[in-house]
Structures are given as structure tokens and as C-alpha cells.
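# Architecture and fold: a report
The residues making up each chain are set out below.
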Amino acid sequence: MPTTLLLEPTNDTDLHLLLSLAQRLGVKATASPAATLSLEERERRFLALFGAWQSDETGDEINQMLQASRQSNRPDVAL
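A brief structural summary. (Residues numbered from 1 in each chain as written. Predicted model: local features only at pLDDT ≥ 70, side-chain atom pairs only at ≥ 80, totals over all residues. Heavy atoms only, no water.)

## Quick notes on a negative patch on the surface
On the surface, a cluster of negative charge is contributed by Asp56, Glu57, Asp60 and Glu61. On the accessibility criterion, Glu61 (37% relative accessible area) is partly exposed. (Patch = residues over 30% accessible without salt bridge, like charges linked within 9 Å, V, L, I, M, F, W, Y side chains within 5 Å. Areas by Shrake-Rupley, 256 points an atom, 1.4 Å probe, with all protein chains shown as cover. Salt bridge = Lys/Arg side-chain N within 4 Å of Asp/Glu carboxyl O. Lys, Arg positive; Asp, Glu negative; His and termini not counted. Charge placed at Lys NZ, Arg CZ, Asp CG, Glu CD. Buried < 20%, exposed > 50% of the residue type's maximum accessible area, 1.4 Å probe, protein only.)

The structure is reproduced here in C-alpha cells:
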């Protein structure tokens, strides 16, 4: 059963490296030109990767919860 793997190299050097590697491995590889996206579409896709943390707690409350939940498995050492 054939499997398709989509790779998006960032430059021509990486593309040629991937194609030569596929050839050495005996894997069928075809390169097609990347779809041309507008600057606005690229920015929209980039910003879609990010999200904001939403919580009812304030930042100070979250910090207190983190501090309280810390545990250490190191024994106390008297100095």
C-alpha cells in the first residue's frame, strides 16, 4: 500500500538533499512547486498556530499553585 509523505523544505538545497536521499533509498519521490500563498494568507496560517492561555485564576494564583505543588526527592542537607 503506497504511503504519501509531504515534506516542505525551506530552501532548494534541502529539497535536493531530500530528493537525493530518496533516490539512494530507492523511494519514488516527486517534487511539485509549492502553492503560492498571499502574504495575508501566510500570516493568517502562522498566527493560527498560536493560542492564549485562558483561565479564571490570576497570574499570582497560578504561581502560588505551582509553588505549592512542587516536590523534591532530594534529602534536606544541614549546612
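Read on for the rest.
## Some details on the packing of aromatic side chains
Enumeration according to the criterion identifies one aromatic pair in this entry. On the basis of an interplanar angle of 70 degrees and a centroid distance of 5.1 Å, the ring pair of Phe46 and Phe50 is categorised as edge-to-face. Residue class for Phe46 comes out partly exposed when judged on its relative accessible area of 49%. (Phe/Tyr/Trp six-rings, centres within 6.5 Å; stacked < 30°, edge-to-face > 60°.)

## Quick word on the pattern of salt bridges
Using the criterion set out here, one finds two salt bridges in the structure. Across the pair Glu41 and Arg44 runs a salt bridge whose closest N-O atoms are separated by 2.7 Å. One end of the pair, Glu41, and the other, Arg44, are both in helix H2 (residues 39–47), three residues apart, so they sit about a helical turn from each other. A salt bridge links Arg45 to Glu41, with the nearest nitrogen and oxygen atoms 3.0 Å apart. Highlighted residues: Arg45 and Glu41, both in helix H2, separated by four residues, approximately one helical turn. With relative accessibility at 45%, the residue Arg45 sits in the partly exposed group. Overall, Glu41 belongs to the partly exposed group, its relative accessible area being 23%. (Helix = DSSP H or I, 4+ residues; strand = E, 2+ residues; numbered from the N terminus.)

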